[in-house]
Amino acid sequence: MALEFYKKSTIPEFAYYKAMAAVAVMNYKNTAMQIFKDKVNKDNIKVVLEEWNDFIDKKDDRTNETVELIESMLNNF
């Protein structure tokens, strides 16, 4: 369902980066991966990381497999 909402969404570009973090925290792996594939590139990686890090606060323990996967992909971009 989250993936379908994403496919129909028309939000500002930067909002997708926080949305990717939000669905990763909810462990919606398919949606997080699709946003990553569609929206992350070498030209915007700095902004994506800023938005990601703003949403993913390590002290809040927002970690799961999807968060770890996306974070690894972002850091190795």
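Note that the coordinates shown come from a computational prediction; the quantities given were computed from them, not determined experimentally.

S.K.: Can you help me understand the pattern of salt bridges in this one?
M.R.: Opposite charge on two side chains allows them to pair when their charged atoms are near. Applying the stated criterion across every chain, the model contains three salt bridges. When the shortest N-O distance is used, the salt bridge between K18 and E51 registers 2.8 Å. With K18 in helix α2 (residues 13-25) and E51 in helix α4 (residues 45-55), this residue pair connects regions lying 33 residues apart in the sequence. With relative accessibility at 17%, the residue E51 sits in the buried group. Residue D54 is joined to K18 by a salt bridge in which the shortest nitrogen-to-oxygen separation is 2.7 Å. In this pair, D54 is assigned in helix α4 and K18 in helix α2, connecting sequence segments 36 residues apart. Overall, D54 belongs to the exposed group, its relative accessible area being 55%. K18 sits in the partly exposed class, given a relative accessible area of 26%. Among the charged side chains, a network of salt bridges with common partners joins K18, E51 and D54.

S.K.: Which parts of the structure should I look at to understand the environment of Y6?
M.R.: Mapped onto the secondary structure, Y6 falls in helix α1 (residues 2-8). Y6 sits in the buried class, given a relative accessible area of 11%. When the C-alpha atoms of Y6 and T31 are compared, they prove to be 7.4 Å apart, with 25 residues separating the residues in sequence. Once residues lying within four places of it in the same chain are set aside, the contact partners of Y6 are Y16, T31, Q34, I35, D38 and K39.

S.K.: Quick question: what am I supposed to make of the nonpolar core here?
M.R.: Where a protein is soluble and globular, its nonpolar side chains tend to be buried together. M20, V40, W52, I70 and L74 are the most contacted members of the largest nonpolar core, which totals 18 residues. Mapped by element, the contributors of at least two residues to this core are α2, α3 (29-39), α4 and α5 (65-75). Ranked by residues supplied to this core, first place goes to α2 with six residues.

Conventions we followed
- Residues numbered from 1 in each chain as written.
- Predicted model: local features only at pLDDT ≥ 70, side-chain atom pairs only at ≥ 80, totals over all residues.
- Heavy atoms only, no water.
- Salt bridge = Lys/Arg side-chain N within 4 Å of Asp/Glu carboxyl O.
- Helix = DSSP H or I, 4+ residues; strand = E, 2+ residues; numbered from the N terminus.
- Buried < 20%, exposed > 50% of the residue type's maximum accessible area, 1.4 Å probe, protein only.
- Contact = heavy atoms within 4.5 Å.
- Core = buried A, V, L, I, M, F, W, Y, C linked by side-chain atoms within 4.5 Å.

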